[in-house]
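Tertiary structure, described
Here's the letter readout for the chains.
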Amino acid sequence: MMTWAEIHALYSINDDPSTRRNTPARHNIAPTQDVFFCIQNGGEREIKEGRWWLVPHWAKELPKYPLFNARSETAAKKSSFRDAFKSKRCLIPANGYYEWTKAEDGGKDPHYIYLSEHEHYSFAGLWAYNSILDLMSCTILTAAAAPKIEHLHDRMPIILPEEKYSDWLDAETEVESAQELLLDNRGSELVSHRVGREVNSSRSSGNELVEPISV
């Protein structure tokens, strides 16, 4: 994930200097860890921080089933995501993500996946605030993988073009229209390379994790 300044630049947010943070880029984020995401509040974009693993507003405890991703084809109808899809859509900033393949030695080889020009982008996401647990959270919407990366995984996050950001964030955008926005996915532009297994530990960090290795 990008730095605080890069995230605000991506969404054209001029925040109050007193609220700025010297948050460095992160190169190894696992589900249940906190991430930044962009929402729209009263027509203004804001950056929030919350758990990457959605906790629906009605949940009385942390969900044990995986809610860090949501299938775009069914999210609008699933009880865990339905309310968020109607009016709590968000953008999750990123510049890459990982997928794993099984190796001959039985281990898992990580692959770094990114846009070819290494540009910053946004995953289409949903967010929720659970007042019972006083918890903000989010999830990433996925679609069938593009041909270039389907050998790594059969699903991929949806990357929205920048011109779709406002409509996606707008709570007034109807569900059917929001679903149509998800069809405009930049996933076909993704490329990948193998990286070292150090990233397999959530304790590892640093930009060296995304460097390609010889295979």
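Anyway, here's the lowdown on the structure attached to this text.

**Quick word on the side chain of S137**
Along the polypeptide, S137 turns up in strand β8 (residues 135-144). At a separation of 2.8 Å, a polar atom in the side chain of S137 contacts the main-chain amide nitrogen of V55. In contact with S137, not counting residues within four places along its chain, are F37, G50, R51, W53, L54, V55, L126, W127 and A128.

**Quick look at the sheet that holds strand β10 (residues 190-194)**
With antiparallel pairing, the three strands of this open sheet are ordered in space as β5-β6-β10. Whereas interior strands pair on both sides, the edge strands pair on one side only; in this sheet they are β5 (97-102) and β10. Averaged over all pairs of adjacent strands, the angle between their axes in this sheet comes to 35°, without regard to strand direction. As defined by bridge partners, strand β6 (residues 108-115) adjoins β10 across five bridges and the pair is classed as antiparallel. Across the sheet, residue Y112 finds its bridge partner in β10, namely H193.

**Observations concerning the packing of aromatic side chains**
What the rule picks out here adds up to eleven aromatic pairs. With a centroid separation of 5.8 Å and an interplanar angle of 90°, the aromatic rings of F85 and W168 are classed as edge-to-face. Of this pair, F85 sits in helix α2 (residues 82-87) while W168 sits in helix α3 (residues 165-169), placing them 83 residues apart in sequence. With relative accessibility at 0%, the residue F85 sits in the buried group. An aromatic cluster of at least three residues, connected via ring pairs, comprises Y98, W100, Y112 and Y114. Sitting over the ring of W127, K88 keeps its end group 5.3 Å from the ring centre.

**Digging into the nonpolar core**
By size, the foremost hydrophobic cluster in this structure holds 57 residues, and its most contacted members are Y11, F85, L141 and W168. No other element matches the six residues that strand β7 (residues 121-130) contributes to this core. Among the nonpolar cores identified, the runner-up in size contains seven residues, and Y112, V199, L209 and V210 belong to it.

**Details of the side chain of D109**
If you trace the backbone, D109 turns up in strand β6. Judged by relative accessible area, which is 10%, D109 ranks as buried. There is a polar contact of 2.9 Å between the side chain of D109 and the side chain of R197. Dropping the residues within four chain positions of it, D109 is found in contact with E99, W100, T101, A103, R194 and R197.

**Digging into the environment of W53**
As for its position among the elements, W53 is in the loop between β2 (44-52) and β3 (69-71). Residue W53 is classed as buried on the basis of its relative accessible area of 14%. Sequence spacing of W53 and P31 is 22 residues, and the spatial spacing of their C-alpha atoms is 6.0 Å. The residues contacting W53, other than those within four sequence positions of it, are P31, T32, P63, K64, Y65, P66, L67, F68, S137 and C138. At a separation of 3.2 Å, a polar atom in the side chain of W53 contacts the main-chain carbonyl oxygen of Y65.

Calculation rules
Residues numbered from 1 in each chain as written. Predicted model: local features only at pLDDT ≥ 70, side-chain atom pairs only at ≥ 80, totals over all residues. Heavy atoms only, no water. Helix = DSSP H or I, 4+ residues; strand = E, 2+ residues; numbered from the N terminus. Polar contact = N/O pair within 3.5 Å; in protein donor to acceptor, adjacent residues only side chain to side chain. Contact = heavy atoms within 4.5 Å. Pairing = 2+ DSSP bridges. Axes fitted to C-alpha atoms, helices over the stretch in contact; angles between N-to-C directions. Phe/Tyr/Trp six-rings, centres within 6.5 Å; stacked < 30°, edge-to-face > 60°. Buried < 20%, exposed > 50% of the residue type's maximum accessible area, 1.4 Å probe, protein only. Lys NZ or Arg CZ within 6 Å of the ring centre and 35° of its normal. Core = buried A, V, L, I, M, F, W, Y, C linked by side-chain atoms within 4.5 Å.

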